[in-house]
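# Summary of structural features
The lines below spell out each chain.
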Amino acid sequence: VPPNFSENKALGIWVLGQRAQYRLMKENKPSAITLPRIKLLNDIEFDWTVNKDEWWQERYDELNMYQARMGHCRVPRKFSENRALGRWVSTQRR
């Protein structure tokens, strides 16, 4: 489930949070995730990783749609319609 899962945005955000908490736990940092929760998620074959190439391509496709609609690629960092796209474009400019 991608973070911007259009069919259920709350689910996408929740999955992102689970992955973040799991990563913190793996780094021996304070984390809210528990071993019983990890087991439950593993039991349903939860994917703890994010395919970064897939995620990058998704943002790129969104940028193409933005450019087609707006005529430019100057997406504001805090683009209210798609904050992830705004942050991604800002990161690509660095």
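Everything below is about the structure shown above.
Quick summary incoming for the structure in this document.

Cut-off values and rules
- Starting afresh in each chain, residues are numbered from 1 along the sequence in its written order.
- Local features in a predicted model are, by the rule used here, given only for residues with pLDDT of at least 70; side-chain atom pairs are given and counted only at 80 or more, and totals for whole chains, interfaces and linings are based on all residues.
- Values reported for side chains reflect all heavy atoms of the structure, with hydrogen atoms and water molecules removed beforehand.
- Here, patches come from residues exposed beyond 30% relative accessible area and free of salt bridges, joined within 9 Å for like charges and within 5 Å for nonpolar side chains (Val, Leu, Ile, Met, Phe, Trp, Tyr).
- Per-residue accessibility takes into account occlusion by the displayed protein chains alone, with areas from the Shrake-Rupley method and a 1.4 Å probe.
- Counted as salt bridges are all cases of a side-chain nitrogen of Lys or Arg within 4 Å of a carboxyl oxygen of Asp or Glu.
- What counts as a helix is a DSSP run of H or I of at least four residues, what counts as a strand is a run of E of at least two, and both are numbered from the N terminus.
- Under the scheme applied here, a residue whose accessible area is under 20% of the maximum for its type counts as buried, over 50% as exposed, and between as partly exposed, the area being computed with a 1.4 Å probe on protein chains only.
- Under the convention used throughout, the expected extent of a helix is 1.5 Å for every residue step, that is, one less than its residue count.
- Think of the arc as the fan of directions from the helix axis to the C-beta atoms.

Before going further, it helps to spend a moment on a nonpolar patch on the surface. Together, Val 1, Leu 11 and Trp 14 give the surface a local cluster of nonpolar side chains, amounting to about 250 Å² of exposed area. Assignment of secondary structure puts Leu 11 in helix H1 (residues 9–26). By relative accessible area, Leu 11 is classed as partly exposed at 31%.

Taking 1.5 Å per residue as the helical rise, helix H3 (residues 52–70) with its 19 residues ought to reach 27 Å, and the 26 Å between its terminal C-alpha atoms agrees with that figure. Buried residues of H3: Arg 59, Glu 62, Leu 63 and Tyr 66, and no others. Down the axis of H3, the buried set is contained in an arc of 105 degrees. They therefore lie on one face. The exposed residues of H3 that point more than 90 degrees off its buried face are Asp 53, Glu 54, Met 65 and Ala 68. Where H3 terminates, the next one or two residues include Gly 71, which has phi positive at roughly 85 degrees.

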